[in-house]
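A structural walkthrough
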Amino acid sequence: MAFRLISSKPSNFRHQTNTDVGNSVAATTLTPPDVTASDYAEKLAIELGAPSVPGLKSDHPAVAWRRAGVDAITGFPDSDPLPAPVALTSAADGALAVLKSFGSAAGLPTTGALLLGERARLTGLTRKGRTAPGGDCHLIDCLDGAIALNLARTDDWDLLPAWLEDDGVDDLNSLQNALAQCSGQEIVERGRAIGLPIALADGIEPTRPWRRLTHFRRREMTERAPVVIDLSSLWAGPLAGQLLVESGATVIKVESVNRPDGARRGDPDFYALMNAGKSSVALDFHNTEDRRVLGALIEKADIVIEGSRPRALRQMGLIAEDWLSASPGRIWLSITAYGRRAPEGEWVGFGDDVGVAAGLSRLMRDAYGAFVFVGDAIADPLTGLHAAAAALASWRAGGGALLDISMCGVIQRIIDWDAAQLDRRDTTVALRARAEDWRGVMERDDAELYPLRAVHRRKIASLGQDNERIIGDLHPC
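What follows is about the sheet that holds strand 3 (residues 137-142). Read across the open sheet, the three strands follow the order 3-4-5; overall the sheet is antiparallel. Edge positions in the open sheet fall to strand 3 and strand 5 (198-200), since each of these has one partner strand only. Strand-to-strand, the axes of this sheet are offset by a mean angle of 25 degrees, without reference to chain direction. Bridge count between strand 3 and strand 4 (residues 145-150): six bridges; the pairing is antiparallel.

Relative to the assigned elements, Glu344 resides in the loop between strand 11 (331-336) and helix 13 (351-358). Once residues lying within four places of it in the same chain are set aside, the contact partners of Glu344 are Arg208, Tyr338 and Gly339.

We now examine the nonpolar core. One finds Leu48, Leu88, Val98, Leu382, Ile405 and Ile414 to be the most contacted residues of the largest nonpolar core, which totals 102 residues. It is helix 15 (residues 379-396) that provides the largest number of residues to this core, a total of 11 residues. Contacts of Leu88, omitting those with residues within four sequence positions, involve Trp65, Leu116, Leu360, Val374, Ile378, Leu382 and Ile414. Core analysis: the second largest hydrophobic core is formed by 23 residues, Leu318, Ala320, Trp323 and Leu474 among them.

Turning our eyes to something else, we now look at the pattern of salt bridges. The full count for this structure, using the stated rule, is 26 salt bridges. With a shortest N-O distance of 2.8 Å, Glu205 and Arg192 are connected by a salt bridge. Separated by 13 residues along the polypeptide, Glu205 in the loop between strand 5 and strand 6 (211-215) and Arg192 in helix 7 (residues 184-193) bring together distant segments of the chain. Of the two residues, Glu205 and Arg192, neither departs from the other in class, the shared state being buried. For Glu205, the salt bridge identified is with Arg208, shortest N-O distance 3.1 Å.

Two numbers describe a pair of aromatic rings. These are the distance of the centres and the angle of the planes. Within this structure, the stated rule accounts for four aromatic pairs. Seen from their ring centres, Tyr40 and Trp417 are 4.9 Å apart, and the 80 degrees between their planes marks the pair as edge-to-face. With a gap of 377 residues between them, Tyr40 in helix 1 (residues 37-48) and Trp417 in helix 16 (residues 407-419) connect regions that are remote in the sequence. A relative accessible area of 0% means that Tyr40 is categorised as buried. With a relative accessible area of 7%, Trp417 lands in the buried category. Geometrically, the ring pair formed by Trp323 and Trp332 is edge-to-face, given 5.5 Å between the ring centres and 65 degrees between the ring planes. No difference in accessibility class separates Trp323 from Trp332, as the two residues are buried.

Conventions adopted
Residues numbered from 1 in each chain as written. Predicted model: local features only at pLDDT ≥ 70, side-chain atom pairs only at ≥ 80, totals over all residues. Heavy atoms only, no water. Pairing = 2+ DSSP bridges. Helix = DSSP H or I, 4+ residues; strand = E, 2+ residues; numbered from the N terminus. Axes fitted to C-alpha atoms, helices over the stretch in contact; angles between N-to-C directions. Contact = heavy atoms within 4.5 Å. Core = buried A, V, L, I, M, F, W, Y, C linked by side-chain atoms within 4.5 Å. Buried < 20%, exposed > 50% of the residue type's maximum accessible area, 1.4 Å probe, protein only. Salt bridge = Lys/Arg side-chain N within 4 Å of Asp/Glu carboxyl O. Phe/Tyr/Trp six-rings, centres within 6.5 Å; stacked < 30°, edge-to-face > 60°.

This is the structure in C-alpha coordinates:
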(Lines give C-alpha, C1' and ligand atoms only; values in the text may rest on other atoms or scores of the structure.)
Protein backbone atom coordinates (compact mmCIF):
# COMPACT_ATOMS: atom_id res chain seq x y z
CA MET A 1 0.00 0.00 0.00
CA ALA A 2 1.49 3.32 -1.04
CA PHE A 3 1.13 6.00 1.58
CA ARG A 4 0.54 9.65 0.80
CA LEU A 5 0.58 12.45 3.33
CA ILE A 6 -2.56 14.57 3.37
CA SER A 7 -1.64 18.01 2.16
CA SER A 8 -2.41 20.93 4.40
CA LYS A 9 -1.58 24.60 4.49
CA PRO A 10 1.87 24.95 6.09
CA SER A 11 1.87 26.82 9.36
CA ASN A 12 4.61 29.32 10.18
CA PHE A 13 7.59 27.37 11.43
CA ARG A 14 10.59 28.75 13.23
CA HIS A 15 13.11 26.99 15.40
CA GLN A 16 15.80 27.75 17.89
CA THR A 17 18.56 25.69 19.46
CA ASN A 18 18.86 25.27 23.20
CA THR A 19 21.25 23.31 25.37
CA ASP A 20 19.57 20.20 26.70
CA VAL A 21 20.72 19.88 30.30
CA GLY A 22 19.74 16.22 30.63
CA ASN A 23 21.15 14.96 27.35
CA SER A 24 23.95 17.44 26.59
CA VAL A 25 22.77 17.73 23.00
CA ALA A 26 21.38 20.41 20.75
CA ALA A 27 17.60 20.50 21.06
CA THR A 28 15.25 21.98 18.49
CA THR A 29 12.11 23.60 19.88
CA LEU A 30 9.17 25.45 18.40
CA THR A 31 9.03 29.17 19.05
CA PRO A 32 6.85 30.02 20.85
CA PRO A 33 6.83 26.65 22.66
CA ASP A 34 4.16 24.31 21.38
CA VAL A 35 4.41 21.43 23.84
CA THR A 36 7.26 20.93 26.25
CA ALA A 37 8.51 18.29 28.63
CA SER A 38 8.85 21.02 31.24
CA ASP A 39 5.13 21.81 31.08
CA TYR A 40 4.24 18.13 31.33
CA ALA A 41 6.60 17.58 34.25
CA GLU A 42 5.22 20.58 36.11
CA LYS A 43 1.63 19.39 35.80
CA LEU A 44 2.48 15.79 36.69
CA ALA A 45 4.54 16.86 39.70
CA ILE A 46 1.65 18.93 41.04
CA GLU A 47 -0.74 16.00 40.57
CA LEU A 48 1.57 13.56 42.36
CA GLY A 49 2.74 15.96 45.06
CA ALA A 50 6.30 15.58 43.80
CA PRO A 51 9.10 18.17 43.88
CA SER A 52 9.00 20.74 41.10
CA VAL A 53 11.29 20.27 38.10
CA PRO A 54 12.61 23.75 37.22
CA GLY A 55 14.47 24.46 34.00
CA LEU A 56 13.81 21.13 32.31
CA LYS A 57 14.79 21.18 28.63
CA SER A 58 14.41 18.42 26.10
CA ASP A 59 14.42 17.80 22.38
CA HIS A 60 11.59 18.93 20.12
CA PRO A 61 9.01 16.09 20.05
CA ALA A 62 9.75 15.20 16.42
CA VAL A 63 13.52 15.28 16.99
CA ALA A 64 13.18 13.07 20.07
CA TRP A 65 10.94 10.74 18.05
CA ARG A 66 13.73 10.20 15.53
CA ARG A 67 16.59 10.13 18.04
CA ALA A 68 14.76 7.49 20.09
CA GLY A 69 14.33 5.38 16.95
CA VAL A 70 10.52 5.43 17.00
CA ASP A 71 10.41 6.84 13.47
CA ALA A 72 11.78 3.54 12.16
CA ILE A 73 8.69 1.71 13.43
CA THR A 74 5.91 4.25 12.67
CA GLY A 75 4.43 4.43 9.18
CA PHE A 76 4.08 2.15 6.19
CA PRO A 77 7.03 0.00 5.07
CA ASP A 78 7.12 1.45 1.54
CA SER A 79 6.87 5.10 2.64
CA ASP A 80 8.72 7.65 4.73
CA PRO A 81 8.63 7.42 8.54
CA LEU A 82 6.02 9.45 10.35
CA PRO A 83 6.14 11.33 13.64
CA ALA A 84 3.14 10.92 15.92
CA PRO A 85 1.32 14.29 15.94
CA VAL A 86 1.12 14.16 19.74
CA ALA A 87 4.07 14.89 22.03
CA LEU A 88 4.56 11.42 23.47
CA THR A 89 8.30 11.94 23.82
CA SER A 90 7.78 15.16 25.79
CA ALA A 91 5.47 13.30 28.17
CA ALA A 92 8.08 10.54 28.57
CA ASP A 93 10.81 13.08 29.30
CA GLY A 94 8.54 14.92 31.73
CA ALA A 95 7.55 11.76 33.62
CA LEU A 96 11.19 10.70 33.91
CA ALA A 97 12.11 14.17 35.22
CA VAL A 98 9.50 13.82 37.97
CA LEU A 99 10.93 10.43 38.91
CA LYS A 100 14.43 11.93 39.03
CA SER A 101 13.23 14.80 41.23
CA PHE A 102 13.24 12.48 44.25
CA GLY A 103 17.02 12.46 44.22
CA SER A 104 18.20 8.88 43.58
CA ALA A 105 18.63 9.22 39.84
CA ALA A 106 22.17 8.03 39.07
CA GLY A 107 21.10 4.84 37.31
CA LEU A 108 18.01 6.18 35.57
CA PRO A 109 17.92 6.68 31.78
CA THR A 110 19.20 9.98 30.43
CA THR A 111 15.95 10.61 28.58
CA GLY A 112 12.47 9.17 28.87
CA ALA A 113 11.98 9.28 25.10
CA LEU A 114 14.70 6.65 24.68
CA LEU A 115 12.46 4.05 26.33
CA LEU A 116 9.86 4.38 23.56
CA GLY A 117 12.21 3.00 20.90
CA GLU A 118 14.45 0.84 23.02
CA ARG A 119 12.99 -2.60 22.31
CA ALA A 120 12.65 -1.92 18.59
CA ARG A 121 16.29 -0.88 18.31
CA LEU A 122 17.52 -3.90 20.27
CA THR A 123 15.49 -6.36 18.20
CA GLY A 124 15.65 -4.68 14.78
CA LEU A 125 11.91 -4.08 14.39
CA THR A 126 10.65 -2.10 11.40
CA ARG A 127 7.45 -0.26 10.53
CA LYS A 128 4.65 -2.41 9.17
CA GLY A 129 1.77 0.04 8.83
CA ARG A 130 -1.43 -1.70 9.85
CA THR A 131 0.49 -4.46 11.61
CA ALA A 132 2.33 -3.51 14.79
CA PRO A 133 6.15 -3.68 14.61
CA GLY A 134 6.16 -6.78 16.82
CA GLY A 135 3.95 -8.55 14.26
CA ASP A 136 1.14 -9.72 16.56
CA CYS A 137 -1.37 -6.85 16.59
CA HIS A 138 -3.33 -5.94 13.46
CA LEU A 139 -5.59 -3.11 12.34
CA ILE A 140 -8.40 -4.84 10.46
CA ASP A 141 -11.35 -3.31 8.60
CA CYS A 142 -14.92 -4.03 9.70
CA LEU A 143 -18.25 -3.09 8.18
CA ASP A 144 -18.25 0.29 9.93
CA GLY A 145 -14.62 1.10 10.64
CA ALA A 146 -11.59 -0.79 11.91
CA ILE A 147 -10.46 -2.66 14.99
CA ALA A 148 -7.09 -3.55 16.54
CA LEU A 149 -6.75 -7.21 17.44
CA ASN A 150 -3.71 -8.53 19.31
CA LEU A 151 -2.90 -12.18 18.70
CA ALA A 152 0.27 -12.44 20.78
CA ARG A 153 -0.81 -15.60 22.60
CA THR A 154 -1.50 -19.01 21.08
CA ASP A 155 -4.74 -19.10 23.04
CA ASP A 156 -5.97 -16.01 21.21
CA TRP A 157 -6.00 -17.86 17.89
CA ASP A 158 -7.88 -20.71 19.54
CA LEU A 159 -10.65 -18.28 20.55
CA LEU A 160 -11.30 -16.97 17.03
CA PRO A 161 -13.75 -19.61 15.72
CA ALA A 162 -16.04 -19.26 18.75
CA TRP A 163 -15.73 -15.48 18.74
CA LEU A 164 -16.71 -15.17 15.07
CA GLU A 165 -18.93 -18.29 15.01
CA ASP A 166 -16.89 -19.49 12.06
CA ASP A 167 -14.72 -22.63 12.23
CA GLY A 168 -12.95 -21.60 9.04
CA VAL A 169 -11.06 -18.72 10.62
CA ASP A 170 -7.54 -20.04 11.09
CA ASP A 171 -5.21 -17.47 9.53
CA LEU A 172 -4.96 -13.71 9.01
CA ASN A 173 -6.57 -13.75 5.56
CA SER A 174 -9.67 -15.67 6.67
CA LEU A 175 -9.85 -13.44 9.75
CA GLN A 176 -9.85 -10.30 7.63
CA ASN A 177 -12.58 -11.72 5.37
CA ALA A 178 -14.75 -12.63 8.35
CA LEU A 179 -14.36 -9.28 10.10
CA ALA A 180 -15.28 -7.39 6.92
CA GLN A 181 -18.84 -8.62 7.52
CA CYS A 182 -18.99 -7.61 11.19
CA SER A 183 -19.93 -4.50 13.14
CA GLY A 184 -16.87 -3.17 14.94
CA GLN A 185 -18.62 -2.21 18.18
CA GLU A 186 -20.41 -5.54 18.46
CA ILE A 187 -17.33 -7.62 17.69
CA VAL A 188 -15.19 -5.70 20.19
CA GLU A 189 -17.75 -6.25 22.95
CA ARG A 190 -17.90 -9.97 22.18
CA GLY A 191 -14.11 -10.21 21.98
CA ARG A 192 -13.56 -8.52 25.31
CA ALA A 193 -16.11 -10.78 26.96
CA ILE A 194 -14.08 -13.89 26.07
CA GLY A 195 -10.67 -12.39 26.88
CA LEU A 196 -9.35 -11.14 23.53
CA PRO A 197 -7.09 -8.04 23.51
CA ILE A 198 -9.12 -5.91 21.12
CA ALA A 199 -10.12 -2.28 20.56
CA LEU A 200 -11.97 -0.02 18.16
CA ALA A 201 -9.60 2.03 16.01
CA ASP A 202 -12.03 4.86 15.31
CA GLY A 203 -14.33 4.63 18.30
CA ILE A 204 -14.11 6.93 21.30
CA GLU A 205 -13.30 5.13 24.53
CA PRO A 206 -14.62 6.86 27.66
CA THR A 207 -11.86 8.95 29.20
CA ARG A 208 -10.43 7.13 32.19
CA PRO A 209 -8.26 8.58 34.92
CA TRP A 210 -4.73 7.31 34.45
CA ARG A 211 -4.42 6.88 38.22
CA ARG A 212 -7.19 6.08 40.66
CA LEU A 213 -5.97 6.55 44.21
CA THR A 214 -7.56 4.82 47.20
CA HIS A 215 -6.14 5.97 50.53
CA PHE A 216 -5.22 3.70 53.42
CA ARG A 217 -3.26 4.41 56.61
CA ARG A 218 0.02 6.23 56.09
CA ARG A 219 3.24 5.68 58.00
CA GLU A 220 5.68 8.17 59.42
CA MET A 221 8.00 9.79 56.90
CA THR A 222 11.24 7.90 56.29
CA GLU A 223 14.24 8.10 54.00
CA ARG A 224 14.47 4.30 53.88
CA ALA A 225 14.34 2.79 50.40
CA PRO A 226 11.30 0.52 49.89
CA VAL A 227 11.28 -3.25 49.49
CA VAL A 228 9.27 -4.15 46.40
CA ILE A 229 7.69 -7.44 45.34
CA ASP A 230 7.27 -7.42 41.55
CA LEU A 231 4.61 -9.88 40.39
CA SER A 232 4.26 -8.27 36.97
CA SER A 233 5.41 -9.50 33.58
CA LEU A 234 6.22 -8.36 30.04
CA TRP A 235 6.87 -4.61 29.89
CA ALA A 236 4.98 -1.89 31.81
CA GLY A 237 5.16 -3.43 35.29
CA PRO A 238 8.71 -4.77 35.00
CA LEU A 239 9.87 -1.39 33.69
CA ALA A 240 8.27 0.35 36.67
CA GLY A 241 10.06 -2.09 38.97
CA GLN A 242 13.40 -1.61 37.24
CA LEU A 243 13.10 2.18 37.44
CA LEU A 244 12.49 1.75 41.17
CA VAL A 245 15.66 -0.37 41.35
CA GLU A 246 17.57 2.51 39.79
CA SER A 247 15.92 4.85 42.30
CA GLY A 248 17.33 2.82 45.21
CA ALA A 249 14.61 0.25 45.94
CA THR A 250 15.21 -3.43 46.68
CA VAL A 251 13.09 -5.33 44.16
CA ILE A 252 12.31 -9.07 44.24
CA LYS A 253 10.78 -10.46 41.07
CA VAL A 254 8.40 -13.32 41.85
CA GLU A 255 7.33 -15.63 39.02
CA SER A 256 5.41 -18.84 38.52
CA VAL A 257 7.63 -21.84 37.82
CA ASN A 258 4.92 -23.07 35.42
CA ARG A 259 4.30 -19.76 33.63
CA PRO A 260 7.25 -17.43 34.15
CA ASP A 261 7.39 -13.94 32.68
CA GLY A 262 6.77 -14.34 28.94
CA ALA A 263 9.47 -11.76 28.26
CA ARG A 264 12.04 -14.44 29.19
CA ARG A 265 11.23 -16.09 25.85
CA GLY A 266 11.91 -12.88 23.95
CA ASP A 267 15.05 -10.86 23.33
CA PRO A 268 17.43 -11.48 26.25
CA ASP A 269 18.91 -7.99 26.12
CA PHE A 270 15.48 -6.41 26.40
CA TYR A 271 14.53 -8.73 29.24
CA ALA A 272 17.74 -7.69 30.97
CA LEU A 273 16.87 -4.01 30.67
CA MET A 274 13.46 -4.59 32.25
CA ASN A 275 14.73 -6.75 35.11
CA ALA A 276 18.35 -5.88 35.81
CA GLY A 277 19.15 -5.55 39.50
CA LYS A 278 16.14 -7.55 40.72
CA SER A 279 16.38 -10.74 42.76
CA SER A 280 14.44 -13.72 41.38
CA VAL A 281 12.12 -16.07 43.26
CA ALA A 282 10.16 -18.76 41.42
CA LEU A 283 7.19 -20.51 43.06
CA ASP A 284 4.50 -22.99 42.13
CA PHE A 285 1.34 -20.95 42.64
CA HIS A 286 -0.72 -24.16 42.69
CA ASN A 287 1.28 -25.55 45.60
CA THR A 288 -0.06 -24.80 49.09
CA GLU A 289 3.37 -24.33 50.67
CA ASP A 290 4.60 -22.10 47.86
CA ARG A 291 1.49 -19.96 48.12
CA ARG A 292 2.17 -19.61 51.82
CA VAL A 293 5.72 -18.48 50.98
CA LEU A 294 4.29 -15.97 48.50
CA GLY A 295 2.05 -14.57 51.21
CA ALA A 296 5.00 -14.31 53.60
CA LEU A 297 7.07 -12.46 51.00
CA ILE A 298 4.29 -10.00 50.35
CA GLU A 299 3.85 -9.45 54.10
CA LYS A 300 7.44 -8.19 54.28
CA ALA A 301 7.07 -5.85 51.28
CA ASP A 302 6.49 -2.11 51.25
CA ILE A 303 5.28 -2.03 47.65
CA VAL A 304 3.65 -4.72 45.50
CA ILE A 305 3.61 -4.36 41.72
CA GLU A 306 1.21 -6.50 39.73
CA GLY A 307 -0.41 -6.45 36.32
CA SER A 308 -3.13 -9.07 36.70
CA ARG A 309 -6.87 -8.84 36.51
CA PRO A 310 -8.20 -8.47 40.10
CA ARG A 311 -10.21 -11.70 39.89
CA ALA A 312 -7.09 -13.76 39.15
CA LEU A 313 -5.31 -12.45 42.24
CA ARG A 314 -8.31 -12.95 44.49
CA GLN A 315 -8.43 -16.59 43.41
CA MET A 316 -4.89 -16.89 44.78
CA GLY A 317 -5.93 -15.27 48.06
CA LEU A 318 -4.19 -11.97 47.25
CA ILE A 319 -6.62 -9.20 48.13
CA ALA A 320 -5.03 -5.78 47.82
CA GLU A 321 -7.41 -4.03 50.17
CA ASP A 322 -6.84 -6.54 52.98
CA TRP A 323 -3.05 -6.30 52.65
CA LEU A 324 -3.15 -2.50 52.64
CA SER A 325 -5.40 -2.39 55.70
CA ALA A 326 -3.17 -4.72 57.72
CA SER A 327 -0.23 -2.32 58.11
CA PRO A 328 0.25 1.42 57.54
CA GLY A 329 2.33 2.82 54.72
CA ARG A 330 1.99 -0.01 52.23
CA ILE A 331 1.49 0.61 48.50
CA TRP A 332 -0.23 -1.69 46.03
CA LEU A 333 0.62 -0.72 42.45
CA SER A 334 -1.86 -2.29 40.05
CA ILE A 335 -1.21 -1.84 36.32
CA THR A 336 -3.97 -2.99 33.98
CA ALA A 337 -5.13 -2.14 30.48
CA TYR A 338 -8.22 -0.16 31.51
CA GLY A 339 -8.16 0.02 35.31
CA ARG A 340 -9.42 -2.32 38.03
CA ARG A 341 -13.10 -1.36 38.10
CA ALA A 342 -15.75 -3.59 36.55
CA PRO A 343 -16.32 -4.33 33.76
CA GLU A 344 -13.04 -2.89 32.39
CA GLY A 345 -11.01 -4.64 35.08
CA GLU A 346 -11.58 -7.97 33.36
CA TRP A 347 -10.68 -6.76 29.86
CA VAL A 348 -7.36 -7.96 28.44
CA GLY A 349 -5.08 -5.47 26.73
CA PHE A 350 -1.46 -5.07 25.67
CA GLY A 351 0.58 -2.05 24.65
CA ASP A 352 -0.33 -1.98 20.95
CA ASP A 353 -4.09 -2.49 21.17
CA VAL A 354 -4.39 -0.25 24.24
CA GLY A 355 -2.64 2.55 22.36
CA VAL A 356 -5.22 2.17 19.61
CA ALA A 357 -8.07 2.16 22.13
CA ALA A 358 -6.77 5.41 23.62
CA GLY A 359 -6.94 7.09 20.21
CA LEU A 360 -3.41 7.09 18.79
CA SER A 361 -4.24 5.39 15.48
CA ARG A 362 -7.26 7.64 15.08
CA LEU A 363 -4.96 10.66 15.46
CA MET A 364 -2.69 9.23 12.77
CA ARG A 365 -5.72 8.80 10.50
CA ASP A 366 -6.79 12.40 11.14
CA ALA A 367 -3.28 13.74 10.58
CA TYR A 368 -2.09 11.59 7.68
CA GLY A 369 -5.18 9.99 6.16
CA ALA A 370 -4.80 6.34 7.20
CA PHE A 371 -4.89 4.18 10.31
CA VAL A 372 -1.41 3.12 11.35
CA PHE A 373 0.25 1.89 14.52
CA VAL A 374 2.20 4.37 16.62
CA GLY A 375 5.51 2.94 17.77
CA ASP A 376 6.01 -0.42 19.45
CA ALA A 377 3.50 -1.27 22.20
CA ILE A 378 3.91 2.36 23.17
CA ALA A 379 1.43 2.28 26.06
CA ASP A 380 3.84 -0.01 27.93
CA PRO A 381 6.91 2.22 28.37
CA LEU A 382 4.80 5.32 28.95
CA THR A 383 2.80 3.50 31.62
CA GLY A 384 5.93 2.11 33.25
CA LEU A 385 7.37 5.61 33.59
CA HIS A 386 4.18 7.05 35.07
CA ALA A 387 3.65 4.10 37.40
CA ALA A 388 7.17 4.34 38.82
CA ALA A 389 6.79 8.08 39.40
CA ALA A 390 3.42 7.57 41.10
CA ALA A 391 4.73 4.78 43.34
CA LEU A 392 7.82 6.71 44.44
CA ALA A 393 5.80 9.86 45.08
CA SER A 394 3.37 7.86 47.23
CA TRP A 395 6.22 6.19 49.13
CA ARG A 396 7.88 9.51 49.91
CA ALA A 397 4.52 10.88 51.13
CA GLY A 398 3.98 8.05 53.63
CA GLY A 399 2.38 5.41 51.43
CA GLY A 400 -0.94 3.90 52.39
CA ALA A 401 -2.34 3.73 48.87
CA LEU A 402 -3.88 1.52 46.24
CA LEU A 403 -2.58 2.93 42.96
CA ASP A 404 -4.86 1.77 40.17
CA ILE A 405 -2.95 2.61 36.96
CA SER A 406 -4.74 2.36 33.61
CA MET A 407 -2.54 2.01 30.53
CA CYS A 408 -5.32 3.43 28.37
CA GLY A 409 -5.74 6.27 30.85
CA VAL A 410 -2.03 7.15 30.66
CA ILE A 411 -2.22 7.59 26.88
CA GLN A 412 -5.50 9.50 27.14
CA ARG A 413 -3.92 11.81 29.72
CA ILE A 414 -1.06 12.62 27.35
CA ILE A 415 -3.40 13.17 24.41
CA ASP A 416 -5.65 15.46 26.46
CA TRP A 417 -2.69 17.46 27.76
CA ASP A 418 -1.32 17.82 24.26
CA ALA A 419 -4.69 18.68 22.69
CA ALA A 420 -4.93 21.73 24.92
CA GLN A 421 -2.07 23.23 22.87
CA LEU A 422 -3.88 22.85 19.54
CA ASP A 423 -6.22 25.39 17.96
CA ARG A 424 -9.60 24.10 19.16
CA ARG A 425 -11.47 26.06 16.48
CA ASP A 426 -10.55 23.30 14.05
CA THR A 427 -8.57 20.56 15.72
CA THR A 428 -8.20 18.43 12.58
CA VAL A 429 -6.72 21.29 10.56
CA ALA A 430 -4.40 22.17 13.42
CA LEU A 431 -3.37 18.52 13.77
CA ARG A 432 -2.53 18.24 10.08
CA ALA A 433 -0.55 21.48 10.15
CA ARG A 434 1.40 20.25 13.15
CA ALA A 435 2.01 16.87 11.52
CA GLU A 436 3.48 18.57 8.46
CA ASP A 437 5.67 20.82 10.56
CA TRP A 438 6.89 17.99 12.75
CA ARG A 439 7.57 15.78 9.76
CA GLY A 440 9.78 18.51 8.33
CA VAL A 441 11.58 18.95 11.65
CA MET A 442 12.22 15.21 11.88
CA GLU A 443 13.49 14.95 8.31
CA ARG A 444 15.89 17.87 8.74
CA ASP A 445 17.34 16.62 12.03
CA ASP A 446 20.68 14.84 11.80
CA ALA A 447 21.64 14.45 15.47
CA GLU A 448 22.79 11.02 16.59
CA LEU A 449 20.36 8.51 18.07
CA TYR A 450 20.15 8.48 21.84
CA PRO A 451 22.70 5.95 23.14
CA LEU A 452 21.11 2.73 24.31
CA ARG A 453 21.39 1.83 27.96
CA ALA A 454 24.10 -0.62 29.00
CA VAL A 455 22.35 -3.98 29.11
CA HIS A 456 24.51 -5.79 31.65
CA ARG A 457 25.37 -2.96 34.00
CA ARG A 458 23.53 -4.85 36.75
CA LYS A 459 23.28 -8.60 37.24
CA ILE A 460 20.43 -10.51 35.63
CA ALA A 461 19.02 -13.24 37.86
CA SER A 462 18.06 -16.56 36.34
CA LEU A 463 14.62 -17.96 37.18
CA GLY A 464 14.48 -18.79 40.89
CA GLN A 465 18.16 -17.99 41.41
CA ASP A 466 17.54 -16.36 44.80
CA ASN A 467 14.99 -18.82 46.19
CA GLU A 468 17.25 -20.32 48.83
CA ARG A 469 18.55 -17.00 50.13
CA ILE A 470 15.27 -15.10 50.19
CA ILE A 471 13.00 -17.91 51.35
CA GLY A 472 15.63 -18.85 53.93
CA ASP A 473 15.46 -15.32 55.32
CA LEU A 474 11.76 -15.88 55.95
CA HIS A 475 12.58 -18.91 58.14
CA PRO A 476 15.92 -18.28 59.86
CA CYS A 477 17.39 -21.27 61.63
